[in-house]
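The chain contents come next:
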Number of protein chains: 2
Amino acid sequence: MVTRKEVAELAKVSEATVSRVFNGLGPMKPATKERVLEAAKVLGYHPNAIAQSFARRRSGNLGVVLPYMPKVHLFSAYYFAEILSGIGEQVREQGYDMLLSLLTPDDDLDYGRLYRSQKVDACVILGARDTESQRSSLLQLQEQGLPFCLVNQRFEGLSFLEVDADHVEGSYQAVRHLLDEGYRKIAFLNGSPHYTNSLDRRHGYQKAMLEAGLTMDPALLFEGNYSRTSGYEIAAKVWEIRDQVEAVFAANDRMAIGLMQGLRERGWIAGRDYAVIGCDDSDAAKLSDPPLSSIKVPFFEMGKGAARAVLASVGQGSSEVQLQVKLPTELKIRQSSKWIRQE
Amino acid sequence: MVTRKEVAELAKVSEATVSRVFNGLGPMKPATKERVLEAAKVLGYHPNAIAQSFARRRSGNLGVVLPYMPKVHLFSAYYFAEILSGIGEQVREQGYDMLLSLLTPDDDLDYGRLYRSQKVDACVILGARDTESQRSSLLQLQEQGLPFCLVNQRFEGLSFLEVDADHVEGSYQAVRHLLDEGYRKIAFLNGSPHYTNSLDRRHGYQKAMLEAGLTMDPALLFEGNYSRTSGYEIAAKVWEIRDQVEAVFAANDRMAIGLMQGLRERGWIAGRDYAVIGCDDSDAAKLSDPPLSSIKVPFFEMGKGAARAVLASVGQGSSEVQLQVKLPTELKIRQSSKWIRQE
DNA sequence: TTGTAAGCGTTATCAA
DNA sequence: TTGATAACGCTTACAA
């Protein structure tokens, strides 16, 4: 490997000068700079990033922490790809790299590993859940002054850096839309309450229902685990009380699609016999039959925002970064919810 | 940050001894080890990974190179999630970390950046295409002795480390299945020939057709770009020659689903009026209506295998690693191809 | 405007 | 079985 030293020799300057050229520091005679650049080019010199990190005491890496996911549930692959792209874009703009870390459930308490080893300067944490162990791990990180940002998950009572979407408003809009279309008996298929996501969606549902003068009928509340299969299974339960159901709002697309499949087997077709709206506006929403109305969540922007926020907090102790951010969602109407039920 | 020095002082040993304990090197009096470990624990010492990399002249990072993908075509998000998980599993087993790098098309020639900066010891390259510029970039890497492994893409005539699936055999099986079901007029919807993937699938199709005594009718060959939309658009063309088509073999699920959507709008339903088989066995195959028969590709294992192969080649110059690997695929039959066309 | 030199926290070699 | 010590390639005062 070509080192700075060789460049310095060839250019007949000191090593420090080579560094200055490559870091664009200090005033500098153009001719000198010229000579250094020329020498570097001739020799094929490229600064050693590891050595730079070592000297700067910063890795130049942003950690991205994901739940280890042979079986992804909450997150569609789509979600994941979008967020990663968003983080990737921001990171690249700031000259950082992304270090991916897949955590198994056992690693819960080990959020700190990447930091302690100093392989990353900050982290974006995806797929966190509100459990005791995660709360305490995160608190510990915070106490140690290790910067991180959560995406799509909040922790009430704690003040972490969090980038989320406005799921309450999104769900409210979705249910409002169903109400506007004339549906009254609206069931809600939610996911685990360990995700603030689920809680928010429930709030939105509740708000719209109450506002319309309707009560929250417990019989119309179902809980799946965000998988297609769970939606499929719940179709059986919905079918049992089909005379009380005109529409379903599901907390993600996969469950919505599973539900549609299950009900179709019983002869109930979405967009004809009942309406459905999902959440995420994933690829699957466009692929399903009928196409699924869904709440579009700006995953890309959330990833990008999280990366920006947490990297900003690296630069300057704790700066003017807004702690909690909520990005707007958008309702995408497709056939699954378009037509009023035919009596 | 706690350093080795402080641990050494507390444990009353030299710094070298602390290193030995943490690296499990050399013979060592248990009592000494005990003392060092105790001291480290008391102080909360963790080796600085950057300093280690610096001293070892190895980063401990495996680079994963992805095409930058606001608009993914060839690869479903599913594909990425699976491969990344596979790489992640292997990497973790070997104590490596994954450094993700999203390359924009302009970066084509810049495969070397990560290496030159020495931030990674090896790379797994996803989503490569067989173009002149990529060929030369990769050749350059090879000449510089920088280890990399390609996934799901081969370069004929060059000997790179490559992990692929047996797409020829997979496609052959799929078309055989259609033939066995009694279909004769089988169209083929392929993707860009820049991917060996596409070429392989075409070979498999051809092999099965010829073997059955059928000719390759150019009128039955269509080319999309692996997107759902392209499949949807091609439905119009297929529709025009519908009397010559009984079944379609599509080179990925997304195009297959787009095609099904397009034909459905014209009253043609897959699994009733014609048969379809896709490739990848992505989530979408299970979500589509009717569920789509598809060729399952072992993406997870491919990722894992690629990581293992390329990391092996890091350890030991160039070792006994098998250069080209092809993993088997598996045909998943679902409703879209189950029934013989009703005359 | 440029050079000198002191770190940075390890690994690894050589002696003891 | 352990200790000294020279790298490693850079950043960054401080000096000139």
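Residues numbered from 1 in each chain as written. Chains lettered and ligands numbered in written order. Predicted model: local features only at pLDDT ≥ 70, side-chain atom pairs only at ≥ 80, totals over all residues. Heavy atoms only, no water.

Novice: Residues and numbers for the relation of the copies chain B and chain A, please.
Specialist: When chain B is fitted onto chain A, the two copies agree to an RMSD of 0.1 Å after a turn of 180° and an axial shift of 0.0 Å. In short, the pair behaves as if placed about a two-fold rotation axis. Minimal C-alpha distance to the rotation axis in chain B is attained by Leu 99 of chain B, lying at 2.3 Å. The residues that chain B uses at the interface reappear at the interface of chain A in 100% of cases, marking a shared surface. (Least-squares fit on C-alpha atoms with pLDDT ≥ 70 in both. Contact = heavy atoms within 4.5 Å.)

Novice: Describe the nonpolar core, listing the residues and the values that go with them.
Specialist: Within the largest apolar cluster, 63 residues are counted, with the highest numbers of intra-cluster contacts made by Leu 62 and Ile 87 of chain A together with Leu 62 and Ile 87 of chain B. Excluding anything up to four places from it in sequence, Ile 87 of chain A contacts Leu 62, Val 64, Met 98, Val 124, Gly 303, Lys 304 and Ala 307 of chain A. With 47 residues, the next largest nonpolar core counts Leu 179, Leu 220, Ala 247 and Leu 259 of chain B among its residues. (Core = buried A, V, L, I, M, F, W, Y, C linked by side-chain atoms within 4.5 Å. Buried < 20%, exposed > 50% of the residue type's maximum accessible area, 1.4 Å probe, protein only.)

Novice: Residues and numbers for the packing of aromatic side chains, please.
Specialist: Residues and elements named next belong to chain A. In the structure shown here, the tally under the stated rule is 17 aromatic pairs over all chains. Their ring planes at 25° and their centres at 4.8 Å tell us that Phe 188 and Tyr 205 sit as a pair that is stacked. You can see Phe 188 sitting in strand E6 (residues 186-190) and its partner Tyr 205 sitting in helix H9 (residues 196-211), a full 17 residues away along the chain. These aromatic residues form a ring-pair network of at least three members: Phe 148, Phe 155 and Phe 160. Positioned above the aromatic ring of Tyr 172, the side-chain terminus of Lys 207 is 4.1 Å from the ring centre. (Phe/Tyr/Trp six-rings, centres within 6.5 Å; stacked < 30°, edge-to-face > 60°. Helix = DSSP H or I, 4+ residues; strand = E, 2+ residues; numbered from the N terminus. Lys NZ or Arg CZ within 6 Å of the ring centre and 35° of its normal.)

Novice: So what's going on with the packing of helix H10 (residues 228-240) of chain A against helix H11 (residues 253-265) of chain A? Residues and values would help.
Specialist: Angle between the axes and distance between the axes: these two values describe a pair of packed helices. Residue and element names in this part refer to chain A. Close contact between H10 and H11 brings their axes to 6 Å; oriented N to C, the two are set at 45°. Between H10 and H11, the angle is such that the two are oblique. Crossing angle aside, the handedness with which H10 passes H11 is right-handed. Across from Arg 228, Ser 230, Gly 231, Tyr 232, Ile 234, Ala 235, Val 238 and Trp 239 in H10, the residues of H11 making contact are Arg 254, Met 255, Gly 258, Leu 259, Gln 261, Gly 262, Leu 263 and Glu 265. (Axes fitted to C-alpha atoms, helices over the stretch in contact; angles between N-to-C directions. Parallel < 35°, antiparallel > 145°, perpendicular 65-115°, else oblique. Left-handed = near helix turned anticlockwise from the far one by under 90°.)

Novice: How would you summarise the environment of Lys 338 of chain B if you had to cite specific residues and measurements?
Specialist: All names here are of chain B. Considering the arrangement of structural elements, one finds Lys 338 in the segment after strand E12 (330-332). Since its relative accessible area comes to 39%, Lys 338 is described here as partly exposed. Counting along the chain gives 193 residues from Lys 338 to Gly 145, while the straight-line C-alpha distance between them is 50 Å. Apart from residues lying up to four places away in sequence, Lys 338 is in contact with Glu 181 and Ile 333.

Novice: Lay out the side chain of Thr 17 of chain A with the relevant residues and their values.
Specialist: All names here are of chain A. Within the secondary structure layout, Thr 17 lies in helix H2 (residues 15-23). The class for Thr 17 is buried, based on a relative accessible area of 13%. Not counting residues up to four positions away in its chain, the partners in contact with Thr 17 are Met 28, Thr 32 and Val 36.

Novice: Got a sec to walk through the protein's contact with DNA strand C? Specific residues and values, please.
Specialist: Contacts to DNA strand C come from 26 residues, most closely from Thr 17, Arg 20, Thr 32 and Arg 57 of chain A together with Arg 4 of chain B. If you look at DNA strand C and keep only atoms within 4 Å of the protein, 57% of those are sugar or phosphate atoms. Contact distances for DNA strand C include 3.1 Å between a phosphate oxygen and a backbone N or O atom of Arg 4 of chain B. One nitrogen or oxygen atom from the side chain of Arg 56 of chain B is found 3.3 Å from a phosphate oxygen belonging to DNA strand C. If you list the elements that add at least two residues to the surface near DNA strand C, you get H2 and helix H4 (49-56) of chain A together with helix H2 (15-23) and helix H4 (49-56) of chain B. Residue composition of the surface near DNA strand C, grouped by class: twelve nonpolar, seven polar and seven charged. (Near = heavy atom within 4 Å. Polar contact = N/O pair within 3.5 Å; in protein donor to acceptor, adjacent residues only side chain to side chain. Nonpolar A, V, L, I, M, F, W, Y, C, P; charged D, E, K, R; others polar.)

None of this, on its own, says anything about what the molecule does.
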